[in-house]
Amino acid sequence: MTGRPAMVSPGRPPVGRVEQRRTFWAAVARGVTSTDAGMEAGVSEVVGSRWFRERGGVIPQAIFKKDSGRYLSFEERELIALWHAQNVSIREIARRLGRHPSTVSRELRRNAATRGGTLAYRATVAQWHRDRRAARPKTAKLAANPRLRRYVEQRLAGHVVTEDGVSVPGPAVPFTGRNRARRADRRWGRAWSPEQIAARLHRDHPDDPTMRISHEAIYQALYIEGRGALTREHVACLRTGRALRVPRSRTRRERRNNRGFITPDHTLDRRPAEVDERATPGHWEGDLIIGLNRSAIGTLVERTTRYTLLLPLPRMDGFGVQDRVKNGAPLAGHGAQAVKEAIIAAVAHLPEKMRRTLTWDRGTEMALHSELTVATGLAVYFCDPHSPWQRGTNENTNGLLRQYFPKGTDISRYGPRELAAVAHTLNMRPRKKLAWRTPHEALQAVLYSPHLVGVATTG
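Residues numbered from 1 in each chain as written. Predicted model: local features only at pLDDT ≥ 70, side-chain atom pairs only at ≥ 80, totals over all residues. Heavy atoms only, no water.

Q: How would you sum up the overall build of the chain? Please name residues and give values.
A: Regarding its fold elements, the chain presents 18 helices and seven strands. Taken across its 459 residues, the chain has 39% of its residues classed as buried. Of all intrachain contacts in the chain linking residues separated by at least 6 positions in sequence, the fraction that spans at least 24 positions is 61%. In the structure as shown, the chain presents an accessible area of about 26,300 Å², 51% of it carried by carbon and sulfur atoms. (Helix = DSSP H or I, 4+ residues; strand = E, 2+ residues; numbered from the N terminus. Buried < 20%, exposed > 50% of the residue type's maximum accessible area, 1.4 Å probe, protein only. Contact = heavy atoms within 4.5 Å. Areas by Shrake-Rupley, 256 points an atom, 1.4 Å probe, with all protein chains shown as cover.)

Q: Got a sec to walk through the sheet that holds strand β7 (residues 379-382)? Specific residues and values, please.
A: An order of β5-β4-β3-β6-β7 is seen for the five strands of this open sheet, with the pairing classed as mixed. The open sheet is flanked by β5 (308-312) and β7, the only strands paired with a single partner. For this sheet the average axis-to-axis angle between neighbouring strands, irrespective of direction, equals 25°. Bridging between strand β3 (residues 283-290) and strand β4 (residues 296-302) involves seven bridges; their strand directions are antiparallel. Bridging from a neighbouring strand, D287 pairs with T299 of β4. In the packing of helix α16 (residues 392-401) onto the sheet, the strands contacted are β3, β4 and β5, and the crossing angle to β3 comes to about 40°. Helix α17 (residues 416-427) rests against β4 and β5 of the sheet, and its axis sits at about 165° to β5. (Pairing = 2+ DSSP bridges. Axes fitted to C-alpha atoms, helices over the stretch in contact; angles between N-to-C directions.)

Q: Mind laying out the packing of helix α5 (residues 90-97) against helix α6 (residues 101-110), listing which residues take part and the relevant values?
A: For the pair α5 and α6, the least separation of the axes is 8 Å and the interaxial angle reads 115°. Two packed elements cross with a definite hand, and for α5 against α6 that hand is right-handed. Facing α5, whose interface residues are I90, R91, I93 and A94, α6 presents P101, V104, S105 and L108. Considering only residue class, the contact of α5 with α6 consists of six nonpolar, one polar and one charged. (Left-handed = near helix turned anticlockwise from the far one by under 90°. Nonpolar A, V, L, I, M, F, W, Y, C, P; charged D, E, K, R; others polar.)

Q: Any chance you could break down α6 for me, citing the residues and the numbers?
A: Because each turn of an α-helix spans 3.6 residues, side chains separated by three or four positions in sequence point in the same direction. For α6, the full list of buried residues reads V104, E107 and L108. Considered in projection along α6, the buried side chains sweep an arc of 95° and stay on one side of the axis. On the buried face of α6, the contacting elements are α4 (74-85), α5 and α7 (123-134). (Arc of directions from axis to C-beta.)

Q: Requested: an account of a positive patch on the surface, with residues and values cited.
A: Taken together, the side chains of R106, R109, R110 and R133 define a basic patch exposed on the protein surface. With three residues, α6 is the largest single contributor of residues to the positive patch. Positionally, R110 belongs in helix α6. A residue is classified by how much of its surface remains accessible, and R110, at 40% relative accessible area, is partly exposed. (Patch = residues over 30% accessible without salt bridge, like charges linked within 9 Å, V, L, I, M, F, W, Y side chains within 5 Å. Salt bridge = Lys/Arg side-chain N within 4 Å of Asp/Glu carboxyl O. Lys, Arg positive; Asp, Glu negative; His and termini not counted. Charge placed at Lys NZ, Arg CZ, Asp CG, Glu CD.)

Q: Talk me through the packing of helix α10 (residues 194-204) against helix α11 (residues 215-223); I want residue IDs and the actual numbers.
A: What describes two packed helices is the angle between their axes and the distance between those same axes. At their nearest, the axes of α10 and α11 sit 8 Å apart, and the two run at 135° to each other. Here α10 lies oblique to α11, going by the angle between them. Regarding α10 and α11, the two cross each other, and that crossing is right-handed. Of the residues in α11, those in contact with P194, E195, I197 and A198 of α10 are H215, I218 and Y219. (Parallel < 35°, antiparallel > 145°, perpendicular 65-115°, else oblique.)

Q: Before we move on, can you summarise the pairing of β7 with the specific residues and values?
A: Every regular strand shows the same layout, with side chains that alternate between the two sheet faces. As paired elements, strand β6 (residues 357-360) and β7 share four bridges and run parallel to each other. Its bridge partner being in β7, T357 is matched across the sheet by A379. Where the polypeptide runs from β6 across helix α15 (residues 369-376) and back to β7, its parallel neighbour, the crossover connection is right-handed. (Right-handed = clockwise from strand over helix to strand, strands pointing away.)

Q: Outline the nonpolar core, supporting the account with residue identities and numerical values.
A: In globular proteins that are soluble, nonpolar side chains generally tend to be buried together. Counting residues in hydrophobic clusters, the biggest one holds 26 residues, and the most contacted among them are W284, L300, L309, I343, L358, W360 and M366. Sort the elements by how many residues they give to this core and helix α14 (residues 336-347) lands first, with five residues. Among residues more than four places away in sequence, those in contact with I343 are L300, L311, L358, W360, M366, L372 and L378. By size, the runner-up hydrophobic cluster in this structure holds 18 residues, among which are I197, I213, Y223 and V235. (Core = buried A, V, L, I, M, F, W, Y, C linked by side-chain atoms within 4.5 Å.)

Q: Please set out the pattern of salt bridges residue by residue, giving values where relevant.
A: Summed over the entire model, instances satisfying the criterion amount to 17 salt bridges. Note that R187 is salt-bridged to E233, the shortest N-O span being 3.4 Å. Residue R187 is found in the loop between β2 (167-168) and α10, and its partner E233 is found in the loop between α11 and α12 (248-256); the two are separated by 46 residues along the sequence. R187 gets classed as partly exposed once you look at its relative accessible area, which sits at 27%. As a salt-bridge pair, R391 and E395 come within 2.7 Å of each other at their nearest N and O atoms. Through salt bridges that share partners, E92, R95 and R96 make up one connected network.

Q: Quick one: what's the story with unusual backbone geometry, residue by residue and with numbers?
A: Although it is not a glycine, N293 adopts a positive phi angle of roughly 60°. For N293, a relative accessible area of 47% translates into the label partly exposed. A positive phi angle is found at R294, which is not glycine, with a value near 60°. The residue R294 is located in the loop between β3 and β4 in this model.

Q: Break down the packing of aromatic side chains for me, with residues and values.
A: Within the structure shown, the criterion is met by six aromatic pairs. Consider the rings of F24 and W51, whose centres lie 5.4 Å apart with planes at 80°: the pair is edge-to-face. Of the two residues, F24 is situated in helix α1 (residues 18-29) and W51 in helix α3 (residues 45-54); the sequence distance between them amounts to 27 residues. Residue W51 is classed as buried on the basis of its relative accessible area, which comes to 2%. Here R155 stacks its cationic end above the ring of Y151, 3.7 Å away from the centre of that ring. Above the plane of the ring of W192 lies R155, whose end atom (NZ or CZ) is 5.7 Å from the centre. (Phe/Tyr/Trp six-rings, centres within 6.5 Å; stacked < 30°, edge-to-face > 60°. Lys NZ or Arg CZ within 6 Å of the ring centre and 35° of its normal.)

Q: Tell me about the pairing of β5, and please be specific about residues and values.
A: Counting buried residues along β5, four of its five residues qualify, which places the element largely inside the surrounding structure. By the bridge criterion, five bridges tie β4 to β5 in an arrangement that is antiparallel. Each residue of the ladder has a partner; that of T299, found in β5, is L310. What sits between β4 and β5 in their antiparallel hairpin is a turn of five residues, with R306 showing a positive phi close to 65°.

What follows is the structure, encoded as structure tokens:
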């Protein structure tokens, strides 16, 4: 009746059309969760989660290709179904759509539903038949080349061996299908990254073009169900241990506010633009330097003059003797309360024009930043996670301070007198960025300038 060859029943039409999946993955690319993206696409939360798992979190690029207009769209099929139910002739339907009559005739015949022994045209079924025929899945390269697959598997999940070739199994960790557990044993393997495997193929097989694969193809073979070749258990050998790929935009969104005390008003993108120009003084960067046995000192650096302040953070009574009280103050001396009081004491002698903003990392020692702002006037802003370059002046200064407080040493033995001497030493060193003036001289020029003309520098 339809002109289609006999076929095994592919089951019922799936939930969601290409347009809905396109909306779903566009929302995921913006950082929306899979459940919310499913609701935005007009499907249930369960369907959205299933779509995300089936693709392993990998956003399909094929569905974002712009339709050329050569083929009938779902909207046109809806109009055909409506007019056909109203007994509008095929030629009239074609005229209204701007299509050839034979296009409409073939559509009504080939994409009709045949359940019940009659041709019943419905837009959803017709679109399903079209999508089913348009899908021309290509055999994965790893599935078609066993030699290449073995090479990838051996370097991704191969056994750890000694120099003598003796296998060391490591801990037995079952694969649960979920991300790796934090602070728990992980499966041992050679654990080459897909990029290392893909690059090494050129060196190990320089004259064999069949032994070539991209690192993205390896990732997709691991994450996407139904790709064949590699099993899902091999994701346990990836460094991240992720069972699903996490879209980069979602990772950024989660990282921007993964601390309860960091509100959107205190992220780095809300910081005044004048801070980046370094022409206005009073903008500071801060962090902690950690030493042996949880010892620490605080560092503050002014962005324009590079003037440095060191914050003594002595240990509290009972450190190393009494047990720490749950949810109590850290006895090591660098808790939120101790850091707040140290900063207040350090900037108390500075004029108001030198207390504008403070940029810090996302450490919990700055949990009381709102109280610090009230006491000092310093508006606190937090960097993005794992982004030390966003407070590069402070990072560079900490590198200079490591000459006096090396890693792996106990810095709790230094009191306020020693810290003040080290800070004075740094502030009296000439800097190229300051035209070979010292930070102390640059600060004096700022403090005694009637127009607040700071040292205009970059970098």
